[in-house]
Every structure is written in C-alpha cells, then in structure tokens.
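Architecture and fold: a report
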Amino acid sequence: MPGKLKAKIVAGRHLPVMDRASDLTDAFVEVKFGNTTFKTDVCPKSLNPQWNSEWFKFEVDDEDLQDEPLQITVLDHDTYSANDAIGKVYIDIDPLLYSEAASVISGWFPIYDTIHGIRGEINVIVKVELFNDLNRFRQSSCGVKFFCTTCIPQCYRATLVHGFVEELVVNEDPEYQWIDRIRTPRASNEARQRLISLMSGELQRKIGLKVLEMGGNAVVGYLQCFDLEGESGLVVRAIGTACTLDKLSSGSAPNTNTHMHPNTAPASNACNSPSKDGKEPVFVEDLPSSSGPPTPFRALPTSSSSPPPFSPSKPCSRQSSSSDTDLSLTPKTGMGSGGSAGKEAGPLRTLLRQQTQTALEQRGASSSGLLLNAREFPFFTLTSFPPGFLLHVGGVVSARSVKLLDRIHNPALGNTRSYKLLDWNSVTADEPETRDAWWEEIRQEIKSHARALGCHAVVGYSESTSICEEVCILSASGTAAILNPRYMREGCLDIGCTDHRFEDPSPPSCGFCHIPYDELNMPFPAQLTYCYHCRRQKVPDVLFTTIDLPSEAAVAGKGCLIQARLCRLKKKAQGETNATAISNLLPFMEYELHTQLMNKLKLRSMNALFGLHIQISVGENMLLGLASATGVYLTALPAPGGIQIAGKTPGDLSNEHISSIQKRINDTIAVNKELYQINPPELAEEGVGSPIPEPRHRSRLFRSHSESSDELSELDLSHGKKDAFVLEIDDTDAVEDIHSLLIDAPPPTGFYSCNTENMPGISNWTSGVQMFTSVRVLRLSNANLTNQGLNKIFTDLCENLLKSFYFKLRSMIPCCLCHLNFTVAVPEEELIQVTVTAVAMTYDKEQTQEKTAEKPVNKGSLEAEEQLQFPLELCADSSSSNIQTASKISGVAESTNISPRAASVDYGSFADRCSTWLELLRLKAHTIRRGSVKTSRRTQSLAHSVSSLERCSPLQEGRSRSLRSSRSFGGSSVTVVKMTPLSFLPGIRIIKYLGIINMFFIRETTSLREEGGVSGFLHSFIAEVFAMVRAHVAALGGNAVVSYSMKECVFMENPNKNQAQCLINVSGDAVICISETDQESSASTANTGQTGGGGTDGAT
Amino acid sequence: MSVELDVFVGNTTIMDEEVYQLWLDGYTVNDAVKVRMEGGVMDECEASKDVLLSDTMDQYRTFQMCERLLHSPAKLANQLLFQIPPHRQIMLIERYYAFDDTFVREVLGKKLSKGTKKDLDDISAKTGVTLKSCRRQFDNFKRVFKVVEELKGPLVENIRQHFLLSDKLARDYAAIVFFANNRFETGKRKLQYLSFQDFAFCAGQLISNWTVGAVGEYNMVEDMDVDLDKEFLQELKELKILITDKDLLDQHKSLVCTALRGKTKVFPEMETSFKNLSRGLINIAAKLTNTKDVRDFFIDLVEKFIEPCRSDRWTAADMKLYLTHYTNSAHILDTFKHQVVWDRYMGVVKSCIFKMYHD
C-alpha cells in the first residue's frame, strides 16, 4: 500500500443548464480512481454549486498511481431517468509523485465532454501521500522525472547521461471494438481517452523503470507518440534520453555550477565490448553519486569569490598524466587511422581502441564530472548540448521503412471489459514481426549509417510514423556525431579509435563542423576545405543536421526557415503492391527534397541547415514530403557558391531565357544576402597567427593523391565551380522547378523565422511571446492533377500559411517566428492537411549584437556551466590536448548520396527499406603542437575559450535579459499561463519543473454546421485544448509550459452527415518561472570572475 | 481546389480592434475584407486578399465564440477558454455594449419586447445601422434590463458592476432601462428634435430625484431607481393649489414679474403667458400619478411649456431666468406650504427643460 491519493471536490461554476424547465442544474460529482468510486452530494438547482466535499481517499499501489488518471465526472441528478453526464476531468497525478515537483494539484479545471466541449469548470484539490517503498523489484518508477525539453533543463545539471531509452505499448483501439457498434459516440470516445491515458501512464512507468535500472533519475527529450493503426490497433511509443540530473538550488545556482562533482570518477576498467546484442543496458558498476537521488548542492560553498572547490592539485596531476598519455599514444593513433580504412574493425583496430580508450579513460577519470553511458543504441533525443559535449558532427542520418500493418495479435483482447494493457514486448516472443522489431531494424540502420560517417553517436534523434490504411511508413532520423569521449562511459560505444584519437584542439566555435570521417574513405563524394575559422582541419562545404545550432557556433548574419515541399502522385493500390509502390517512390522523394533544400540554401547564400526535419506522409493516392530546417551561414564553412543555370546545349534557343533566369537567381541571392545580413568576415583575417601552412603541409603527406597544391585557392574559386549547383534546364519541368525555387517569398520586413530553439543571429529577445497553432486543410477538386500541379498547390499552401502568420502577428514587429513546426497529413483522398505550431517572439531591433555581447557572455558561460560542470576544465584541457598527431586529413565535399535499397519482401508482412541519405561531415585534422610550453599555451586557450563564449548563443542571451514580470497584467482571477514550444521564455528564469503535461483529447460533433462548420469546430476544440493545458498547469502551481508541442491532430469529417471528429495530443513541461532580476547580472559577473580564477587555478 | 478548413488559434487570443468594430457593426466577412482592403492594411505586411479573408474569418469566429461570454461580462474575467489580457477584456466589453445614438433614439421608451424586435428591420432601414448590429444593441438593452430588474440597489452601480462598463456607458444604460421601464413617449414628431443624450440627461435627473432610491432611506430595495416614488407623485397633487388658488396664482405672478422686469427683452410675453405656463407645469405635476401621463411627461413638457416659449422667441437665457425666478418666488408665498415637494419637482423640471430647450 505505498500511496494514498486524496481528492476533494470544492465547487463548480458556469455549469450548463441541464434542466430546461428550471434553467438550472442539480449537479453532483463522481470521483474515480482505479476501480474505486466516490460521490458527492447533489447540489440542487445551481449553476455554481458548492460541494465542499470531504476528502475522498484512495489507497493504491504506486504502480497504479503512475498508470491511472484520477477521473472526475460531473453529472446532473435526475430523479426519474438516468443521470445525465455533464462532462469529465482527467487529472494526471504523476507530477505529485516526484518529491521536488508539485505537492498539490488545486484549481479550476474545465469540465470536458467529447461531444459538447468545455461545459463549465470544477474546483478540485488533489494530494498524494507516498510511502517509501524499498522493494527492489517494484514495478513502479515513481520519482523519475520526465522532460519534453530536448536540452538539459534550466536549473538542473547533468552529472551523467546514460543514453537512449525506448518503450512501446500496444492495445486494441476501442473505436474498432465490436462493442463500438452499440455504444454511444461519447462512450466510445471516453473509452479511447481513458485507454490512451492509461497506456501513456504505463509507458512512462516502464521507461522510468529502465531509467532506474540504468542508474538515472530523469528522462530528457521525452518524445511520446501514438500510432492509430485503425483495425490493427493502437500503439503508444516513446523514446528519450536517460540522465542523472542534479537540481541546482535556485538561489545559489550561478555559483554552484563550477563545482566539480567529486564522486563521478568512472570505473577505470575499460570495457571494450562492442554493441551488446540483447536489450540489456550496459550496466557498468554503479557510481555512488550517479545512481542515487540527486544530490542537493546547497551545502557546497556558494560565495562568489571563492574559487571552485576542486583541489588545485587534481587538475595539475591530470594535466600531466593526460599529456603523457597523448604523447605515448600519438604514433599508435596515427596507425589506427590508417588501419581504419577498412569498413569494419579488424583485430588491430580493436587493440588500438583498447589502448586509446584506456588512455581516454584515464583522462576522463580525472577530469570529467559527467559520464555518458550509451547502450545498444548510442542515440540521444537531445538537440542542444552543453558546450564541449559535441565534438564533431557528421551529418544527417535517416532511415525509413514501409510496413504492412497486421492486426495486432493480442490474446487479451477478448476481454473488452477491462482495458488490460499488454506490453508488446512480452507478447512478441513468438511474434517475430512486431512493432518493436521494426523499430529495432530502423535503429540498427541508423546506427550503421552513423558508423559509416565515422561517428559513434546519433544526436537530435527522433522517430515518426505515417499511416494510411494498412500501410505504415516508419521513419527515424538524427545527426551522426562524435561526442566528447570524456563524457562517455567506456565500453558502450561501438566505435573505434578513429574517433577517439582526435582530441579536439579546435575552438568550439568551429570544432563541430570538422569532419569526423576519413578523408580518404569518405562515405559519399564531398568537397572538403580547410576550416575557415581555425584553418587547421577540414570541413565540408555544406552541413546538414537535425540538432539546434550549438550556442558556441560562429555564424554570420541571421538564420531563416528553409522548406522543401514535394508531392508525388501514386496509384491507388492494396497491400504489398501499395507498399512496394510507396517504397519505390521514397528514395526519389528524398532525393528531390534534398536537392530543393540544397538549392534553397544556396539561394539564401547560406551553408548549413539545423533542425532539419523531413516528414513523408502517405495518402491513398499521393505522398507528401515536407522538409523544414533553419538555414544559417557558418563562418567556419566555405561561402556557398552561386547557382548556375545551364541549357541543355550551348546553342540552346532559350539562351536568352536562361540568362534571364540566371539573372533572377543572382538577384535573389544578392537580396537574400542583404536581408539576412550575411557579411562573413573577410578572408584577410586568415593570415594572422593562423597555422595554415603546417596542416596543409601535413595533409600533403597523408594524402594519397597529389592534389597537393593550393587548397585555399580552391576555396576561393568555389563559386560556380561545383557541379551540384549547376541547374540544367533540359525540359519544362526543370523550368518549373526553378520557378518554384524563386516562389518562396522572403518574410516581410521586421520578421524572421526559424524552426529551431534559437534563432541564429537574434538573441536580444524582449518579453512578447505568442504561441499559436494553425491548421489548414485543402481540398483538391481537380482529379487530374499532375505532380507539378500538386507541388505548386502544396507549396502555395505552405507559403500562404506563413504569409498569414506574418500578417496576423504584424503588431509584434520586430519579431521572429521560432520553432515553426509544420506537420503534413493526407487525411482523405483529396485532402491535404498542414498543422503548424510555433511561437512568435519580439526582439529589440535597436540593440546591436555587439552591444549585447558583453552581458550575455557571462550569462552564457553561466548557463553552460549550470548544465555541465566542467566547461572550464574543457577549455584548459583543449590546450594540452593539442598534442596529437595529425593523422589524416580527410576531405569530403557536399554530398547527395542516396542509396535506395532494393525492395525486399519478408514472409509475414511486407518490409521494404529505403534509404538514407547522409549529409556532411567534418574533419579532424590535428595540429602537432607538442606540449612543450604547456603553461603558456593553456593561457592562450583560456583566452580563446573566453572569446568563444562571447559569441554565446542567442538563446542564452535571450534568457539573460532581465525583463518585467511574466504576469504582465493583474486583476484577472485566472493565472496567466504562457506557452512556448521552446525550452525557455525570454527574460524569464525557470525555477521549477512541475512535471510533464501529456494530454489526449477527442472531440466529436454531430451538428457540424451549427458549430460553425469544420473551421468553427476545430477552432473551438484547439482553444479548448489550450484552455485545459493552461488549467492543469495552473493547478500544479505553474505559470508556463515550455517545450510544448502538438504531437497529433487527426481530423476527420463527414459533412454530409453533419459530423466531424478530431483527436489532439499535446505535451510539454509545466514550469514555474520568474522574471529575471537584477541580481542576475551581478551573479553572472561574479561568476565570470570565478571562471577566470578557476582557469588560472587549473593552469598552474 | 479549395480551402476546406482554416484556423489559427493563439495561446493569447489575437484580436484586431478594427475587425472587432466591423464585426460589431454587422459587416459580413466579405464586406469587412473590402473595408480592410480600402483601409490599406494590405500594405502593412505584403498581405494578399486571401490572407485578409483568412484573418477576418478567424477573427469573426473568435468573436462569435466570445459573444456568449460577453453576454455576462463577469464571466470573461474568470473563464478559461480564452486567454485575454484584462485591458483587452475591458475593450471588448465596452465596445460590445456601445450603441449607436441614432438606433437607441428609435427604441428609447419602447417596450423591449419581441414585438419591438420585429420592427428592427424598419429601424435598420431608417437609421442605416445594419440589422445585425441593431439586434445586438437591442439584445444588450434587453439583457441589461432583465438583469437589473431583479437587482436591489442603485441602478447605475448595478449596471456598472454587473456588466463591467465604464461610468458613462453605465449611466446611458440606466437611462435606457429607466425609459423602457416607464415607457416614456419619445417617438412623437414633436420630440424628434431631442437627442438620446438629452433624454439620458433627463433620465439621470429623474433617477436621482424622483425615484424611490432618491430619497435615500430606502436603500437596497428592488427597482428603487427604476420606479418613480409613488408617494412623491401623490404629493405633487398638492401643488395644484398654485393654480387653483386665485390669490396664490396672482401673487406668484407678481413676484415673478417684479423680479424679471427689465431683465429680458421678452418680458411682455412672459407676463402674458405666465398663467398658461404655470398651469401647464403644475398640471403635468398633478397628473403624474397616472401611468399614462408619466409616459407623456416629455411630450407634455414640450407642448405645454417649451413650444409656447419658443414661439415667443425666448432665448435659453430667458428660459433660465424665468424658471429660476418662477421656482424661487414660490418660496416667498407664505400660504404655500409644499416647499419641499415644489423643490423636488421644479429642480428636475427646470434642468430637463434647460436641456431640452434647443432647436
């Protein structure tokens, strides 16, 4: 009996009139948890009843507490006939189960009915008394915190990142049960809502268990999705990143962050086993500090003047030991890279890895407070990382697979009475073709792609599905990357020394751009050049990623949203034929989307994409592809060449035409350069103190071919030289394509847009925040549409949506639309649905970047250190680690590698796989600065690190601005709840995470016309969903939702029957936040002082 | 190809004041789009007609959803469906309850019944206010009327608190309620020259002086500001002595004439018409116990007093002078014992006539 749940029903208000005769209502309330139900008295003849009930007590297992929602039903008492239900409230009590989150849920909740929408409000108080459960074999995972946020949450510090967690749960969809034929739509909807609530509760509990098993205490980047597979069932699945988080006490936060965690030294034995086959997590013996509950840091000294409390001798000894290691390793590492030319690791490689890893272990043991414990899949759902975590980025890896859905074989389904939940995993033992296995396959593929890019990890990882009838496309994508081995738990990453050998001496502002793979053995053709920033290592000419722009990255100008849109018609078909047709189309779609992205990127004179998200949606007679990303100009990468138009033959008649197009393109590029203020620093800088000659020299040594001469001249000539940028006009389609390229209108003056967390080039946010959701459905009336026609329609649809946003939000100018998240669907044969959620944020136009730079710097470092405790360590370290043999300088160029695989048909169901295209890379060249003058060099690097912090992320700058209170207006009795899809609110500091909000609603109507048609229906439903989210957050004591997202918005209509139905799933993190005070600035200044102090400390 | 569904929902509800006004004024979506295009809003954000149409539709839907809440404005503050900043809420309410003077002039004093509602299309045609807007305004009057009808306490304060209106608007509504309740005749041709604001002023005078609530001791009774003080109306009959008693009438006349002599150009006219005018005013007072005559209060004032004066070309100053002395002289009449009632009556009549005496 580990928990007691108590609920009290206080009052109701604005109830609907249930008795036409008296125009009043005799309301009472049923409170249900599990199988126990309590009732309040009837409050006769009132639309604002006061029940003020006793405390209803439920004694339950904590397992149930996690799975079940508290169900509150408001009814109208009727003496003669059955009581009429007014509506329901489901309260997820999960937030009450963490000790540090909310302690009570109390407030007004909208009473929701799936047919009538919100019908009044009810005031409820809920409390939980949790008894300590010491049972080691417990099934519950109370206390594991969940965050939707895809970065280390503010006010926490990660001491250990354990890695990927996933789980899925399946059940039959109540909508498709036989009983649905005889029950009312309301009963069916409620059964569905309740089932999904139960399933997500169970899913979360199971993920929690996995996390506990791994020794973590939190899941960050938690992404839960539903697959409504219709007849074949309902799948709820989730992925996330298990972490051990420490809460920073809010008062001392700025100062505690530089403390080293004393207990996080890893086990020193290097475990070399490559990926484990089983699902068992690699569980290296527990670290005392990491597996336990979060250690409060209040006890540590917090005065700003005191140096960080790690002993001065420790870094000292580490320094020497690590440099020794480096020296001794140098030759071997070089060999290792030579050997790694083979695709798979040979015995030699294993040996080398062992050595390298041991070396790394030693360093890690002494220097790092954060360890990484990756499992079978070294995947991370995080999209932004503490500085120093991400070493190199390889490029986007993605995998898709087309599956035929079978009815989920589920023995317990006969029992419709209780929604016994089945763990798919337990049933799968004798079912080879399961959802789990499908995902396993995809993840394996992703992993192998990452390996091909020379990367050992995938970051910014996400999974999605698109279902049409019995065909399902499973997609996964992420960014192949090399993470700092210092943060890795050994033995878990299945990747060789090729990665580890590169201790990265490059400044953080460009380091992540350097290619991680072998120049001589590139996974795809690409053009490499020397990094424009440090001049030491190779970078690709274009970089695509799914993550956010690292805060330390050096960019020029502003970023912008770039979208590629594509429609492909397909024949209607059934079963395997259909699946084959789809899988045959996929690679072409991916290719075209990629080409579009690339061209649009060039057109904007940018060279990198962040936050790339490609969605391919399947309908009965078409496939829709939408790729969104934020383009940016990375100063480390070469300037993009222009786009050249070429006719089919030199003497083409349309020459004039071509030159006019060429002119338009050139003009557009020029206009865009101006618009996005892309004025990259002149190359003049390069000479100064930059060690160009040396690496170039070295590169020649290592290169097998003799393209020895002038790498730099190649850079300069890049414009127009690269084949990829020559668009050949050989038919009308090509002309159309080029025209469509130019259709994308730039945002009106005063607007910028991006789909990432932070807007490259804008950081001085002011307090205006407007989150919105917009849905548009287009009916294609013309049955004889061509691909071209469809493309045009689809492009216009997206463009018009953006135009609408700009217009509606014009009062916020200057403003930026952030985190623009487009979702496309083909709900019916001739319908295209686009759903967008984004946030508009105002910024201060006057304040120049330079002016803001100073303050945010401190803040930036501060924030960074809050998240990770050793940034300083890192900087100091990077100097000593310069001592590396440059092994090989690999070159890669921009790539368009699409490798569709042949379709393969499995026995039970059809499975086909289509490909993956891998994008860019980076390189690791290595300077050979042998550590003779260690001290001086360290100083130098320290200075460098400071300067890099100065170019700190817009996000952090945004956070640091102190602004007026979040409650911009008083007087209202309703708490103002801000919502944003971002992980932060400008000018506001999150002081407490109250728990995850994960809500699922169904709304149905049989009087569509009366409710204002489909638009009226959906408009009020979305408004109701917002209202319910806000009410739940307010009841938890919160005043904002961050990382909000609308995961699902499934809309179905039948206008002839005057009916419509819609399902919406939303999630986010409920938080309490306060406006940043003036203390802030003083704290951060103090912190800088401390940073400096720490630096010298480390260096001596 | 057609847009089947198009919605935009903000966490903070987005409302454009211009569109709100167009909606209140009863423009259809298409007309509103036209007006907005003419207003040049398209240039602001490189918008196209489609964008404008989509935006207008969104806003119209939002307003329609809000309308239910605006019917009981107190709900707007504690409803959960729309997150609207308080200053916006105030704007929404104030504008929703605002009305056109030309429209209200037509229904002032009429019974707020279904019958009147049926005539709204005529009124719409006559005033040029759209039927939709007429309906909203009429329903507002009716709603306010219905709510305050059952409330105790001061009328203006009740309206202000219950509908969260500004003081000015609350006073106007009080006038409308007061007129509707007492069914004052305002539609006659002879009254056409009077504006709503003239009547609203008079209503204010009547409410604060002639109703039950005006006396003060009856605080917190129902309809205290809506119903005229019956006792007072009864007492008004006593004033008849001023015209029935020949001596008093003569005495009164001589006192007034003495005071006025030489102070105005129209003195001879005043002197000759004194008895007629005095009879007119006193008769109005004496008849106020009849509901029918209460309704005709304003028409009587015009017919019995204002028109004769106007035909004699009195200026407003003359009028003021005359009424002041007329009122004050009664105090000097030693046999006239009803000074209090006289003041209560003449105070209101005087200020009403001042307000109503214009072209």
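Residues numbered from 1 in each chain as written. Chains lettered and ligands numbered in written order. Predicted model: local features only at pLDDT ≥ 70, side-chain atom pairs only at ≥ 80, totals over all residues. Heavy atoms only, no water.

In the annotation of an unreviewed UniProt entry, chain B is listed under the name Fibroblast growth factor (acidic) intracellular binding protein a and assigned to Oreochromis niloticus.

**A look at the overall build of chain A**
When helices and strands are counted, chain A shows 22 helices and 37 strands. A buried classification covers 65% of the 1100 residues belonging to chain A. Of the contacts formed within chain A by residues at least 6 apart in sequence, a portion of 82% connects residues at least 24 apart. (Helix = DSSP H or I, 4+ residues; strand = E, 2+ residues; numbered from the N terminus. Buried < 20%, exposed > 50% of the residue type's maximum accessible area, 1.4 Å probe, protein only. Contact = heavy atoms within 4.5 Å.)

**Some words on the overall build of chain B**
Of regular secondary structure, chain B possesses 22 helices and one strand. Along the first, second and third principal axes, the C-alpha set of chain B runs to 90 × 45 × 35 Å. When burial is assessed residue by residue, chain B has 52% of its 359 residues classed as buried. Taking all contacts inside chain B whose residues are at least 6 apart in sequence as the whole, residues at least 24 apart take part in 69%. In chain B, which carries 50 positive and 54 negative side-chain charges, the distance between the mean positions of the two groups comes to 5 Å. (Lys, Arg positive; Asp, Glu negative; His and termini not counted. Charge placed at Lys NZ, Arg CZ, Asp CG, Glu CD.)

**Examining the domain arrangement of chain B**
For chain B, the domain assignment lists domain 1 (17-85), domain 2 (101-210) and domain 3 (230-356). Using only C-alpha atoms to locate each centre, domain 1 of chain B and domain 3 of chain B end up separated by 53 Å. (Domains from an automatic or database assignment.)

**Looking at the nonpolar core**
Counting residues in hydrophobic clusters, the biggest one holds 321 residues, and the most contacted among them are I122(A), L634(A), Y322(B) and Y345(B). Residue contacts for L634(A): discarding those within four places in its chain leaves F512(A), C513(A), L543(A), L549(A), A553(A), A554(A), V555(A), N607(A), A608(A) and F610(A). The next biggest cluster of nonpolar side chains, apart from the first, holds 28 residues, and it includes L168(A), L391(A), L405(A) and A476(A). (Core = buried A, V, L, I, M, F, W, Y, C linked by side-chain atoms within 4.5 Å.)

**Let's talk about the packing of helix 21 (residues 1013-1035) of chain A against helix 4 (residues 49-70) of chain B**
Working note: a packed helix pair is described by the angle between its axes plus the distance between those axes. For the pair helix 21 of chain A and helix 4 of chain B, the least separation of the axes is 11 Å and the interaxial angle reads 65°. Taken as a pair, helix 21 of chain A and helix 4 of chain B cross one another with a handedness that is right-handed. The residues of helix 4 of chain B that touch helix 21 of chain A, namely those facing S1015(A), G1016(A), H1019(A) and S1020(A), are D58(B), R61(B), T62(B) and M65(B). Grouping the amino acids of the contact of helix 21 of chain A with helix 4 of chain B by side-chain chemistry returns one nonpolar, five polar and two charged. (Axes fitted to C-alpha atoms, helices over the stretch in contact; angles between N-to-C directions. Left-handed = near helix turned anticlockwise from the far one by under 90°. Nonpolar A, V, L, I, M, F, W, Y, C, P; charged D, E, K, R; others polar.)

**Things to note about the packing of aromatic side chains**
Aromatic ring pairs: the centre-centre distance and the angle between the two ring planes describe each pair. Going through the model one piece at a time under the given rule, you end up with 55 aromatic pairs over all chains. Ring geometry for F38(A) versus F56(A): centroids 5.2 Å apart, planes at 15°, classification stacked. Here F38(A), found in strand 3 (residues 36-39), pairs with F56(A), found in strand 4 (residues 56-60); they are 18 residues apart in sequence, far enough to count as distant. Grouped by ring-pair contacts, the aromatic residues Y20(B), W23(B), F63(B), Y96(B), Y97(B), F99(B), F103(B), F141(B), F163(B), Y173(B) and F196(B) constitute a single cluster. (Phe/Tyr/Trp six-rings, centres within 6.5 Å; stacked < 30°, edge-to-face > 60°.)

**Considerations on the interface of chain B and chain A**
With 38 residues of chain B at the contact, the number on the chain A side is 57 residues. Summing both sides of the interface, chain B and chain A together bury roughly 4,200 Å²; the carbon and sulfur share of this comes to 60%. The three residues of chain B that bury the most area against chain A are E4(B), L5(B) and L80(B), which together make up 18% of that side's buried surface. Where chain B touches chain A, the interface holds five salt bridges. The shortest N-O distance in the salt bridge between D6(B) and R776(A) comes to 3.0 Å. Applying the counting criterion to the chain B and chain A interface returns 25 residue pairs in polar contact (both at pLDDT 80 or more). (Buried area = accessible area lost by both parts, 1.4 Å probe. Salt bridge = Lys/Arg side-chain N within 4 Å of Asp/Glu carboxyl O. Polar contact = N/O pair within 3.5 Å; in protein donor to acceptor, adjacent residues only side chain to side chain.)

**Concerning the environment of R95(B)**
All names here are of chain B. For R95, the position within the fold is in helix 6 (residues 86-97). Look at R95 and you get partly exposed, because its relative accessible area is 25%. Separated by 132 residues in sequence, R95 and D227 place their C-alpha atoms 29 Å apart. Filtering out sequence-adjacent residues up to four positions away, R95 remains in contact with E17, Y20, Q21, L24 and R136.

**Focus: unusual backbone geometry**
Note that the residue after I813(A), namely P814(A), is joined by a cis bond; omega there is 0°. Relative to the helices and strands, P814(A) resides in the loop between helix 16 (787-808) and strand 28 (815-825). The phi torsion at N1058(A) lies on the positive side, around 65°, for a residue other than glycine. We note that L164(B) has phi near 50°; this positive angle belongs to a residue other than glycine. Tracing the backbone through its elements, the reader meets L164(B) in the loop between helix 11 (155-163) and helix 12 (167-182). The partly exposed category is assigned to L164(B), whose relative accessible area is 37%.

**Some points on empty space enclosed by the protein**
Residues and elements named next belong to chain A. As a volume, the largest cavity reaches approximately 480 Å³. Contributing to the lining of the largest cavity are 35 residues, with Y90, D92, S197, N998 and M999 lying nearest its centre. Mapped onto the lining of the largest cavity, the elements with two or more residues apiece are helix 1 (62-67), strand 6 (84-91), strand 7 (104-113), helix 2 (185-214), strand 35 (988-1005) and helix 21. A class-by-class count of the residues in the lining of the largest cavity yields 20 nonpolar, nine polar and six charged. (1 Å grid on protein atoms, 1.4 Å probe; cavity = no way out; pocket = protein on both sides within 12 Å on 5 of 7 lines; lining within 4 Å. Points joined across faces, edges and corners; volume = space filled by probe spheres on them.)

**Considering the confidence of the model for chain B**
All names here are of chain B. For chain B, per-residue confidence averages 88 on the pLDDT scale, and residues scoring 70 or more make up 97% of the total. Within chain B, the element-level pLDDT minimum falls on helix 14 (residues 212-215), averaging 72, and the maximum on helix 1 (residues 17-24), averaging 94. The ipTM for the predicted assembly is 0.88, set against a pTM of 0.78. (pLDDT = per-residue confidence, 0-100.)

**Comments concerning the sheet that holds strand 21 (residues 555-569) of chain A**
Residue and element names in this part refer to chain A. A sheet is described by the order of its strands in space; here four strands give the open sequence 20-22-23-21, paired in mixed fashion. Two strands in the sheet have a free side with no partner beyond their single neighbour: strand 20 (543-544) and strand 21. Sheet analysis places strand 21 next to strand 23 (residues 622-634), joined by 12 bridges and oriented antiparallel. Counterpart to C567 in the pairing with strand 23 is L624. Its contacts with the sheet put helix 11 (residues 575-603) on strand 20, strand 21, strand 22 (608-618) and strand 23, and the angle it makes with strand 21 is roughly 150°. The sheet contacts of helix 16 involve strand 21 and strand 23, and relative to strand 21 the element is tilted by about 140°. (Pairing = 2+ DSSP bridges.)

**Remarks on the environment of T580(A)**
All names here are of chain A. For T580, the location among the structural elements is in helix 11. Residue T580 is classed as partly exposed on the basis of its relative accessible area of 24%. Separated by 177 residues in sequence, T580 and K403 place their C-alpha atoms 9.6 Å apart.

**Comments concerning the sheet that holds strand 26 (residues 751-753) of chain A**
Hydrogen bonds along the backbone pair up the strands of a sheet, which may run parallel or antiparallel. One open sheet accounts for five strands, arranged 26(A)-28(A)-29(A)-27(A)-1(B); its pairing is mixed. The open sheet has two free edges, formed respectively by strand 26 of chain A together with strand 1 (2-10) of chain B, since each of these has just one partner strand. Across the sheet, the axes of successive neighbouring strands diverge by a mean angle of 25°, strand direction being ignored. Looking at chain direction, strand 27 (residues 765-779) of chain A and strand 1 of chain B are connected through eight bridges and run antiparallel. Residue pairing across strands places V777(A) opposite L5(B), the latter belonging to strand 1 of chain B. Together, strand 26, strand 27, strand 28 and strand 29 (831-843) of chain A together with strand 1 of chain B form the strand contacts of helix 16 of chain A, whose direction differs from that of strand 27 of chain A by roughly 145°. Across the sheet, helix 4 of chain B lies against strand 27 of chain A together with strand 1 of chain B, angled at about 60° from strand 1 of chain B, the strand it touches most.

**Considerations on the pairing of strand 10 (residues 156-171) of chain A**
Each regular strand carries side chains that alternate between the two faces of the sheet. Residues and elements named next belong to chain A. The buried fraction of strand 10 is high, at 16 of 16 residues. Across 14 bridges, the pairing between strand 10 and strand 12 (residues 234-247) is antiparallel. Residue pairing for strand 12: V165 is matched across the bridge by G240.

**Section: the pattern of salt bridges**
All names here are of chain A. Inspection of the entire model under this criterion finds 50 salt bridges over all chains. For the salt bridge of D173 with R192, the shortest nitrogen-to-oxygen distance reads 2.9 Å. With a gap of 19 residues between them, D173 in the loop between strand 10 and helix 2 and R192 in helix 2 connect regions that are remote in the sequence. Close ionic contact of K663 with D667 constitutes a salt bridge, the shortest N to O distance being 3.0 Å. Remark: D667 and K663 occur in helix 12 (residues 655-675); sequence separation between them is four residues, near one turn of the helix.

**Some thoughts on the confidence of the model for chain A**
Summing up the model confidence of chain A, the mean pLDDT is 69 and the portion of residues at 70 or higher is 62%. The low-confidence segment residues 251-374 of chain A, where pLDDT is below 50, has 263 contacts with residues more than four positions distant or belonging to other chains.

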